[in-house]
Amino acid sequence: MDNSERIKLSKKLTYLLRHGAEEKGLTIQSDGYIQVLHILRLPGYRGMSLPKIQEIVQKCEKQRFELKNENNLWLIRASQGHTMRSINDDELLTPLNENDPVQYCIHGTYQETIPLIQATGLNKMKRNHIHFAESLPGVNGVISGMRSSCTAIIVIDMKAAMRDGIQFYRSTNNVILSPGVGDTGTIP
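These numbers were taken from a predicted model, which means no experiment stands behind them.

*Asks:* Is there a simple way to explain empty space enclosed by the protein in this structure?
*Replies:* Picture a little ball the size of a water molecule; that probe, rolled over the atoms, points out where space is still empty. In total, this model carries one cavity of 30 Å³ or more according to the counting rule given. Each pocket or cavity is described by its volume, and for the largest cavity that value is around 50 Å³. For the largest cavity, the full set of lining residues is Gln-80, Gly-81, His-82, Ile-87, Asp-89, Leu-92, Leu-93, Asn-128, His-129 and Leu-177. Residue composition of the lining of the largest cavity, by class: four nonpolar, five polar and one charged.

Laid out in structure tokens, this is it:
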């Protein structure tokens, strides 16, 4: 599979596993896993195959996916970035606590959004979580958690936020995530 086909199929999988599985009628487990066989049966996904999905997972630099074989059944999920509310955070992610060695995390954003964030706080928007990285992309092994095009960062003292009751998690690809607080999912 050439690089352009891999990127195209990776984007389709990313959308499906993070946002579109339920609307496509797929059964999604509470830990985010979906049967690969069910994906391959979908219109628009028939050009995929298990070997192609395995290659996409293996070559994804940001490690966006997890693939496993359970009782001869292949399952796949997105590591983070979901909007589907049926996924249980504690089954998908690792909860962090004040004993975690990371003191600070950073949220990448754009200079033009800073006044709104200062007024209303960080917001998870339509996603289940606000996304953070431990440091800038490419520093200390950081591969995901913020776009490389960001023009501003917001530093969060995670330990202080945890003392204030804000929950943080870590995904398998080392993105730090928080559902924020309240119905709005913000961090003031």
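*Asks:* Can you walk me through the nonpolar core in this structure?
*Replies:* The tendency in soluble globular proteins is for nonpolar side chains to be buried side by side. Judged by nonpolar contacts, the single largest core of 27 residues is most densely connected at Leu-13, Leu-17, Ile-39, Phe-65 and Ile-76. When residues of this core are traced back to their parent elements, those giving at least two are helix H1 (3-20), helix H2 (36-40), helix H3 (50-59) and strand S3 (73-78). In this structure Leu-13 touches Ile-39, Met-48, Ile-53, Ile-56, Phe-65 and Ile-76, once residues within four positions along its chain are discounted. Judged by nonpolar contacts, the second largest core, of 18 residues, contains Leu-96, Ile-117, Ala-152 and Ala-161.

*Asks:* I'm lost on the packing of H1 against H3 in this one. Help?
*Replies:* To describe two helices that pack against each other, one gives the angle between their axes and the distance between the axes. For the pair H1 and H3, the least separation of the axes is 10 Å and the interaxial angle reads 90 degrees. Judged on the interaxial angle alone, H3 and H1 are roughly perpendicular. Every residue of H3 that contacts H1 at Glu-5, Arg-6, Leu-9, Ser-10 and Leu-13 is listed here: Lys-52, Ile-53, Glu-55, Ile-56 and Lys-59. Residue classes in the contact of H1 with H3 are distributed as four nonpolar, one polar and five charged.

*Asks:* I would appreciate a short explanation of a nonpolar patch on the surface in the present structure.
*Replies:* A cluster of nonpolar residues, Tyr-104, Leu-136, Ile-153 and Val-155, forms a patch on the protein surface that exposes about 370 Å² of accessible area. Relative to the assigned elements, Ile-153 resides in strand S8 (residues 152-157).

*Asks:* Can you help me understand the layout of surface pockets in this one?
*Replies:* Estimates place the volume of the largest pocket at around 1,200 Å³. Contributing to the lining of the largest pocket are 39 residues, with Arg-18, Lys-62, Arg-127, Met-146 and Arg-147 lying nearest its centre. Looking at the lining of the largest pocket, the elements with two or more residues in it are H1, H3, strand S5 (104-109), helix H5 (114-120), strand S6 (122-123) and strand S7 (130-132). If one sorts the elements of the lining of the largest pocket by residue count, H1 sits on top with eight residues. Its residues assigned to classes, the lining of the largest pocket comprises 14 nonpolar, 15 polar and 10 charged.

*Asks:* It is not clear to me how the sheet that holds S3 should be interpreted in this structure. Could you clarify?
*Replies:* Think of a sheet as strands paired side by side through backbone hydrogen bonds, with each pair either parallel or antiparallel. With respect to topology, three strands assemble into an open sheet ordered S1-S3-S2, the strand pairing being antiparallel. Taken across any chain shown, the strands that pair with only one partner, and hence form the sheet edges, are strand S1 (34-35) and strand S2 (65-70). Sheet topology note: the S1/S3 ladder contains two bridges and is antiparallel. What sits directly across from Gln-35, in S3, is Leu-75. Where H1 meets the sheet, its contacts fall on S1, S2 and S3, and the angle it forms with S3 comes to roughly 85 degrees.

*Asks:* What is the right way to read the pattern of salt bridges from this model?
*Replies:* In a structure, side chains of opposite charge can pair up when their charged atoms sit close to one another. Considering all chains together, one arrives at eight salt bridges under this definition. Measuring nitrogen to oxygen at the nearest pair gives 2.9 Å for the salt bridge that ties Lys-52 to Glu-5. Highlighted residues: Lys-52 in helix H3 and Glu-5 in helix H1, separated in sequence by 47 residues. Residue Lys-59 is joined to Glu-55 by a salt bridge in which the shortest nitrogen-to-oxygen separation is 3.9 Å. Here the residue Lys-59 and the residue Glu-55 both occupy positions in helix H3, the gap between them amounting to four residues, near one helical turn.

Criteria and thresholds
Residues numbered from 1 in each chain as written. Predicted model: local features only at pLDDT ≥ 70, side-chain atom pairs only at ≥ 80, totals over all residues. Heavy atoms only, no water. 1 Å grid on protein atoms, 1.4 Å probe; cavity = no way out; pocket = protein on both sides within 12 Å on 5 of 7 lines; lining within 4 Å. Points joined across faces, edges and corners; volume = space filled by probe spheres on them. Nonpolar A, V, L, I, M, F, W, Y, C, P; charged D, E, K, R; others polar. Core = buried A, V, L, I, M, F, W, Y, C linked by side-chain atoms within 4.5 Å. Buried < 20%, exposed > 50% of the residue type's maximum accessible area, 1.4 Å probe, protein only. Helix = DSSP H or I, 4+ residues; strand = E, 2+ residues; numbered from the N terminus. Contact = heavy atoms within 4.5 Å. Axes fitted to C-alpha atoms, helices over the stretch in contact; angles between N-to-C directions. Parallel < 35°, antiparallel > 145°, perpendicular 65-115°, else oblique. Patch = residues over 30% accessible without salt bridge, like charges linked within 9 Å, V, L, I, M, F, W, Y side chains within 5 Å. Areas by Shrake-Rupley, 256 points an atom, 1.4 Å probe, with all protein chains shown as cover. Salt bridge = Lys/Arg side-chain N within 4 Å of Asp/Glu carboxyl O. Pairing = 2+ DSSP bridges.

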